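Chains, contacts and geometry: an overview
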Amino acid sequence: MPEQEHTTEKEPYLGSVRFFKNLLLLLVIVLITIPTVAAVCLYHSGRDVKEQLRLLQEGDTAQARYSTDEMSGEVNDPLGYQQLYPDFYAEEPAPAQVTRENTMYLTFDDGPSDLTPEFLQVLEEKDVKATFFVVGKTDETSKERYRQIVAAGHTLGMHSYSHDYKKIYQSVESFLDDSYQLFTLLKEETGVTPSVFRFPGGSINSYNMGVYQEIIAEMARRGFRFFDWSLSAEDAAKHSPSAAAICDGILTRAEGRSRGIVLMHDSYHCKTTLEALPKLIDGLWEKGYALEPLDRSVTGISFAYADCLD
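Observations concerning the overall build of the protein chain
The number of helices and strands found in the protein chain is ten helices and eight strands. Put simply, the protein chain has 310 residues, and 45% of those count as buried. The long-range share in the protein chain, meaning contacts at least 24 apart out of those at least 6 apart in sequence, stands at 81%. Accessible surface for the protein chain amounts to roughly 16,600 Å². Of this, 54% is attributable to carbon and sulfur atoms.

This is the structure in structure tokens:
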């Protein structure tokens, strides 16, 4: 009987066991690769922020304008927003920071207002220089108050043009757009180039959590320094505390501190802040503090940055 010929048909690949094994292997590779690439990108992004802030602290603003790859020695391609507003830079490189002991810095946010001339009068009578972080106002009265602040020898700082949290914290570009508008206004009206600023709501707030590190690094690259605060009049609300409560609160919290930045507001409703100011100045003097204006040489007081500066 003739030998029977055996034939084996080749199993189709699509839908086979081997197909599903390879598909599963590919899926595993993708799941491993995506988070790995993301982690590497985040690491390098965080490293760039830390390097920018380190250079800023050391006063090396010129070097901070460029992000250099330490491994290759080549300069990285600039981010898109670094090309915006080529004249939006502090005039000179930032100096090294100095910590002045037994010193307090009085600061006023949100002006100018109808109370600005009265704040200036008290400061003149006490022979004290302070810092005014102003917003954008284009009426002639406000423009004149910008000039009065500068003429009296106080520091004129930026506090955003619009003070619109939702608008300015959408992106780095949005923050630069808004800040440049104020920068240009103040420079044109006073002849002074602002070099310090304060974030609306402070450098970390619920509106800028996703972008604050990039904003800080970019503003540092341009030579600007920001200042948060360590003592507050708590006068931002429309119903401000009494003058006694403002004065007692700040003086009590100042006890035992080597230095501090005092937050107050130059707004129409802050009449109790104006009323408290003379006694507050006297009280800080009695505690042995010198009162000085802020500038870029002052070591900043900022909210929690351990994740950026470690």
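From this point, the discussion proceeds with the structure in view.
Details of the environment of Phe-133
Relative to the helices and strands, Phe-133 is located in strand 2 (residues 131-134). You can call Phe-133 buried: its relative accessible area is 0%. Taking the C-alpha atoms as reference points, Phe-133 and His-265, separated by 132 residues in sequence, lie 9.2 Å from one another.

Describing the pairing of strand 3 (residues 155-158)
Burial along strand 3 is two-sided: Thr-155 and Gly-157 and Leu-156 and Met-158, pointing in opposite directions, are all buried. When strand 2 meets strand 3, the two strands line up parallel, connected through four bridges. Each bridged residue has a counterpart across the sheet, and for Phe-133 the counterpart in strand 3 is Gly-157.

Overview of the packing of helix 8 (residues 243-254) against helix 9 (residues 271-286)
Relative orientation of the contacting elements helix 8 and helix 9 amounts to 35 degrees, with a least axis distance of 8 Å. For the pair helix 8 and helix 9, the sense of crossing is right-handed. Contacts between helix 8 and helix 9 involve Ala-243, Ile-246, Cys-247, Ile-250, Leu-251 and Ala-254 from the first element and Thr-272, Thr-273, Glu-275, Ala-276, Lys-279, Leu-280, Gly-283 and Leu-284 from the second. Residue composition of the contact of helix 8 with helix 9, by class: nine nonpolar, three polar and two charged.

Comments concerning helix 3 (residues 116-126)
Each α-helix winds once per 3.6 residues, and so residues spaced three or four apart point in a common direction. Taken together, the buried positions of helix 3 are occupied by Thr-116, Phe-119, Leu-120, Val-122 and Leu-123. Buried residues of helix 3 fall within an arc of 160 degrees about the axis and therefore sit on the same side. Looking at helix 3, the residues exposed on the side facing more than 90 degrees away from the buried face are Glu-124 and Glu-125. Tucked inside the fold, the buried residues of helix 3 contact strand 1 (103-109), strand 2, helix 4 (140-151), strand 7 (259-265) and helix 9. Looking one or two residues past helix 3, Asp-127 carries a phi angle of roughly 55 degrees, positive in sign.

As for the side chain of Ser-240
Take Ser-240: it is sitting in the loop between strand 6 (231-232) and helix 8. Among the residues examined, Ser-240 registers a relative accessible area of 19% and is labelled buried. In this structure the side chain of Ser-240 is engaged in a polar contact, spanning 3.4 Å, whose partner is the backbone oxygen of Asp-235. Dropping the residues within four chain positions of it, Ser-240 is found in contact with Asp-235, His-269, Cys-270 and Thr-272.

Observations concerning the pattern of salt bridges
Throughout the structure, instances matching the rule amount to ten salt bridges. One salt bridge in this structure joins Asp-114 and Arg-145, with 3.3 Å as the shortest N-O distance. With a gap of 31 residues between them, Asp-114 in the loop between strand 1 and helix 3 and Arg-145 in helix 4 connect regions that are remote in the sequence. Residue Asp-282 pairs with Lys-126 through a salt bridge whose shortest N-O separation is 2.9 Å. Here the residue Asp-282 occupies a position in helix 9, and Lys-126 occupies one in helix 3, the gap between them amounting to 156 residues. On the accessibility criterion, Asp-282 (29% relative accessible area) is partly exposed. When its relative accessible area of 22% is taken as the criterion, Lys-126 is described as partly exposed. Beyond isolated ion pairs, a larger network of salt bridges with shared partners links Glu-140, Lys-143, Glu-144, Arg-147 and Glu-189.

Let's talk about the confidence of the model for the protein chain
Across the protein chain, the average pLDDT comes to 85, with 78% of residues at 70 or higher. Within the model, pLDDT remains below 50 along residues 305-310, and this stretch shows 17 contacts once partners closer than five positions in the same chain are excluded.

Regarding the packing of helix 3 against helix 9
Relative orientation of the contacting elements helix 3 and helix 9 amounts to 25 degrees, with a least axis distance of 10 Å. Comparing the axis directions of helix 3 and helix 9 gives the class roughly parallel. Considering the relative orientation of helix 3 and helix 9, their crossing is right-handed. Mapping the contact onto sequence places Glu-118, Phe-119, Val-122, Leu-123 and Lys-126 in helix 3 and Thr-273, Leu-274, Leu-277, Pro-278, Ile-281, Asp-282 and Trp-285 in helix 9. Within the contact of helix 3 with helix 9, the residues separate by chemical class into eight nonpolar, one polar and three charged.

What about the side chain of His-159?
Take His-159: it is sitting in the loop between strand 3 and helix 5 (165-168). Polar contacts involving the side chain of His-159 include one to the main-chain carbonyl oxygen of Arg-198, which spans 2.9 Å. With near-sequence residues (within four places) excluded, His-159 lies in contact with Asp-109, Asp-110, Phe-133, Val-134, Val-135, Leu-182, Arg-198, Phe-199 and Pro-200.

Calculation notes
- Residues numbered from 1 in each chain as written.
- Predicted model: local features only at pLDDT ≥ 70, side-chain atom pairs only at ≥ 80, totals over all residues.
- Heavy atoms only, no water.
- Helix = DSSP H or I, 4+ residues; strand = E, 2+ residues; numbered from the N terminus.
- Buried < 20%, exposed > 50% of the residue type's maximum accessible area, 1.4 Å probe, protein only.
- Contact = heavy atoms within 4.5 Å.
- Areas by Shrake-Rupley, 256 points an atom, 1.4 Å probe, with all protein chains shown as cover.
- Pairing = 2+ DSSP bridges.
- Axes fitted to C-alpha atoms, helices over the stretch in contact; angles between N-to-C directions.
- Left-handed = near helix turned anticlockwise from the far one by under 90°.
- Nonpolar A, V, L, I, M, F, W, Y, C, P; charged D, E, K, R; others polar.
- Arc of directions from axis to C-beta.
- Polar contact = N/O pair within 3.5 Å; in protein donor to acceptor, adjacent residues only side chain to side chain.
- Salt bridge = Lys/Arg side-chain N within 4 Å of Asp/Glu carboxyl O.
- pLDDT = per-residue confidence, 0-100.
- Parallel < 35°, antiparallel > 145°, perpendicular 65-115°, else oblique.

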